[in-house]
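# Notes for the structure review
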Amino acid sequence: MRYFLDTEYDGFGGALLSLALVPEDGSEEFYVVIDQPEVRDEWVQRHVVPFLDMVPEALKGPRLSREAAADALATWLAHDEAPDIIADWPEDLAQISMLLVTGPGRMKSVPPLTLRFVPLHGFSTAANSAVPHNALHDARALRDHIMNHLE
């Protein structure tokens, strides 16, 4: 199945703050917030941090350590034998990939998956999102745009 990905992170090359995967069929979504002691980027402090918890109650949970977030992601992906993950920004693919890396030569066990970059020149997920710069809402906007306009 296809899953639409969005992440939020602490500025260019910064630490992962949140990650969302939204399935094309509208089934169970994945959303996780990583516990960060301090967000350094001022823009992120103003435009991302206040909106991290603006998701449906069913997806709200405690902020997780990076390791616990990696465990949750691996467990969630295990239900699909070949996930196809789509993002409109290269950093999102880098962030999900690095979340699966747990140490030197170690990674979480996940099914074979495809990571696909679909550049959407002229389309902004944040501008079309119910809650801009929230990974879940931005991933939903990405899904809706691709499914309604590119298929």
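Here's a quick rundown of the structure. (Residues numbered from 1 in each chain as written. Predicted model: local features only at pLDDT ≥ 70, side-chain atom pairs only at ≥ 80, totals over all residues. Heavy atoms only, no water.)

With that settled, consider unusual backbone geometry. Unlike most non-glycine residues, His-133 shows phi in positive territory, near 65°. Among the secondary structure elements, His-133 is positioned in the loop between β7 (114-117) and α4 (135-149). (Helix = DSSP H or I, 4+ residues; strand = E, 2+ residues; numbered from the N terminus.)

The geometry of helix α2 (residues 66-77) relative to helix α3 (residues 90-100) is characterised by a closest axis approach of 9 Å and an angle of 100° between their N-to-C directions. Compared by their axis directions, α2 and α3 come out roughly perpendicular. Residues Arg-66, Ala-69, Ala-70 and Leu-73 of α2 form the contact with α3, whose participating residues are Ile-96, Met-98, Leu-99 and Leu-100. Broken down by class, the residue content of the contact of α2 with α3 amounts to seven nonpolar, no polar and one charged. (Axes fitted to C-alpha atoms, helices over the stretch in contact; angles between N-to-C directions. Parallel < 35°, antiparallel > 145°, perpendicular 65-115°, else oblique. Contact = heavy atoms within 4.5 Å. Nonpolar A, V, L, I, M, F, W, Y, C, P; charged D, E, K, R; others polar.)

Moving on, we come to the side chain of Asp-80. Tracing the backbone shows Asp-80 in the loop between α2 and β4 (84-87). Buried charge without a salt bridge: Asp-80, with Arg-2 as the nearest opposite-charge side chain at an N-O distance of 10 Å. A distance of 3.2 Å separates a polar atom in the side chain of Asp-80 from the backbone nitrogen of Met-1. For Asp-80, the side chain forms a polar contact with the side chain of Tyr-3, separated by 2.7 Å. (Buried < 20%, exposed > 50% of the residue type's maximum accessible area, 1.4 Å probe, protein only. Lys, Arg positive; Asp, Glu negative; His and termini not counted. Salt bridge = Lys/Arg side-chain N within 4 Å of Asp/Glu carboxyl O. Polar contact = N/O pair within 3.5 Å; in protein donor to acceptor, adjacent residues only side chain to side chain.)

Judged by nonpolar contacts, the single largest core of 19 residues is most densely connected at Leu-5, Leu-19, Leu-21 and Leu-73. Elements with a minimum of two residues in this core: β1 (2-9), β2 (16-23), β3 (30-33), α2, β4 and α3. Residue contacts for Leu-5: discarding those within four places in its chain leaves Leu-19, Ala-20, Leu-21, Ile-85, Ile-86, Ala-87, Asp-92, Leu-93, Ile-96, Ala-139 and Leu-142. Judged by nonpolar contacts, the second largest core, of 14 residues, contains Tyr-31, Leu-52, Ala-135 and Leu-136. (Core = buried A, V, L, I, M, F, W, Y, C linked by side-chain atoms within 4.5 Å.)

Sheets are built from strands paired through backbone hydrogen bonds, the pairs being either parallel or antiparallel. One open sheet holds the five strands; their spatial order is β3-β2-β1-β4-β7, and the pairing between them is mixed. In the strand order of this sheet, the two ends are held by β3 and β7, each with one partner. For this sheet, the mean inter-axis angle between neighbouring strands, taken without regard to orientation, is 25°. Sheet topology note: the β1/β2 ladder contains seven bridges and is antiparallel. Directly across from Tyr-3, in β2, lies its bridge partner Pro-23. Its contacts with the sheet put α3 on β1, β2, β4 and β7, and the angle it makes with β1 is roughly 90°. Along the sheet, α4 contacts β1, β2, β3 and β4; its crossing angle with β1, the most-contacted strand, is approximately 140°. (Pairing = 2+ DSSP bridges.)

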